[in-house]
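Chain and residue survey
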Amino acid sequence: MTQTVCLNGEFLPIEEARVPVLDRGFIFGDGIYEVVPVYGGRPFRWAQHLTRLKRSLAAIGIDNPLGDEQWTDLVHQLVARHDWANQFVYMQVTRGVARRDHAFPQNVTPTVFAMVSELVPPPAAQIENGISVVTLPDERWLHCDIKSTSLLGNVLARQAAVQAGAAECVMFRDGFLTEGSASNIWVVRSGRLFGSPKDNLVLEGIRYGLMAELCERAGVELQLRRVLREEVLAADELLLTSATKEVLPITRIDGRPVGTGKPGPVFAKLHAAYQQAKAA
Ligand code: PDD
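Every chain begins its residue count from 1, and numbering advances along the sequence as written. Note on the predicted model: pLDDT of at least 70 is required for a residue's local features to be given, and 80 or more for side-chain atom pairs to be given and counted; whole-chain, interface and lining totals, by contrast, use all residues. Hydrogens and water molecules were not included; the side-chain quantities draw on all heavy atoms of the structure.

Things to note about the domain arrangement of the protein
- Annotation comment: domain bounds sourced from an automatic or database domain assignment. On domain assignment, one finds that the protein holds domain 1 (4-118) and domain 2 (124-279).
- Centre-to-centre separation of domain 1 and domain 2, based on C-alpha positions: 26 Å.
- By definition, residues are in contact when any of their heavy atoms lie within 4.5 Å. Between domain 1 and domain 2, the contact holds 23 residues from the first and 20 residues from the second.
- The term buried area refers to how much accessible surface (probe radius 1.4 Å) is lost by two components on association, counted for both of them together. Carbon and sulfur atoms make up 59% of the surface buried where domain 1 meets domain 2, a total of about 1700 Å² over both sides.
- Salt-bridge detection follows one rule: a side-chain nitrogen of Lys or Arg within 4 Å of a carboxyl oxygen of Asp or Glu. Taken together, the links from domain 1 to domain 2 amount to 1 salt bridge.
- With a closest N to O distance of 2.8 Å, R45 and E213 form a salt bridge.
- Labels follow the DSSP assignment, with helices taken as runs of H or I lasting at least four residues and strands as runs of E lasting at least two, numbered in each case from the N terminus. Mapped onto the side of domain 1 that touches domain 2, the elements with two or more residues apiece are β3 (31-39), α2 (46-59) and β5 (86-94).
- No other element matches the 7 residues that β3 contributes to the side of domain 1 that touches domain 2.

Written as structure tokens, this is what we have:
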């Protein structure tokens, strides 16, 4: 299928979309992005993703180039042009094109780019057996709460995980859990779920709010607090969430089994509740 993207309001085949080399996204990574899953043509948790998009723009001082209806319309138009059953939308706004200078340029128009891709849900083998992760020091900057396109720290962390034969990393700062390279991490101890606080050290995934709802539905107690590295390594279960991975069990960490080494009962409950929420 030809993939159609939208660049500054124009719909065109992905191969034809071009951005000037002086775009500050290219030169500085000066931009923000969103990733929204779309099931059966319906963007999942769209309102929350749009709110976070606006929060990221405000955090780096880019005026929101589109109104809510225009964003919504853009997403629906792109989705309607592709017939994959499940898709995900990638949206990016950069500060625009200007002569290279670190300080914000005056009177530039932000670059708005959006594309959709096929969303292939995690394979059954990952849900049945879980995935492997490695632990790494979190060496990123101190504004991980902004969904910035400057992702070098995340890229290097993911690559280190892949080179170690793992699917993802779990990062720690000052002895405490932060998150994965492109996911939030959840820790199960004695039937209770723990997650990192929503502060500047992690991206507040849209699945934070969703996990709270799913826990409520599944009767699992959820607490956000600093989680020690030792607590992660001694967890009964570890889970990962993201827009594209949904919720996955982590069954090996640094080559050692997590709990029994099999996906556990809390994962089973939350995975079932997630599938229900998608279908609702
Ligand atoms: N990443 N933390 C980081 C660093 C992330 O990059 C992501 C998602 C998350 C989870 O957020 P959400 O539940 O809203 O997807 C947490 C996306 C999927 C990406 O970069 O492709």
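Observations concerning unusual backbone geometry
- One non-glycine residue with positive phi stands out, namely N8, at about 50 degrees.
- Residues other than glycine seldom take positive phi values, yet N107 does so here, at roughly 50 degrees.

Let's talk about a nonpolar patch on the surface
- Residues enter patches when their relative accessible area tops 30% and they take part in no salt bridge; the joining distance is 9 Å for like charges and 5 Å for the nonpolar side chains Val, Leu, Ile, Met, Phe, Trp and Tyr. Surface exposure here means Shrake-Rupley accessible area, sampled with a 1.4 Å probe, where a residue is shielded only by the protein chains that are shown. There is a patch of nonpolar side chains on the surface, built from V21, L22, F26, I27 and V97 and spanning about 450 Å² of accessible area.
- Mapped onto the fold, I27 is located in helix α1 (residues 24-28).
- Note on I27: relative accessible area 31%, which makes it partly exposed. Burial here depends on accessible area, computed with a 1.4 Å probe over protein chains only, as a share of the maximum for the residue type. Under 20% is buried, over 50% is exposed, and the range in between is partly exposed.

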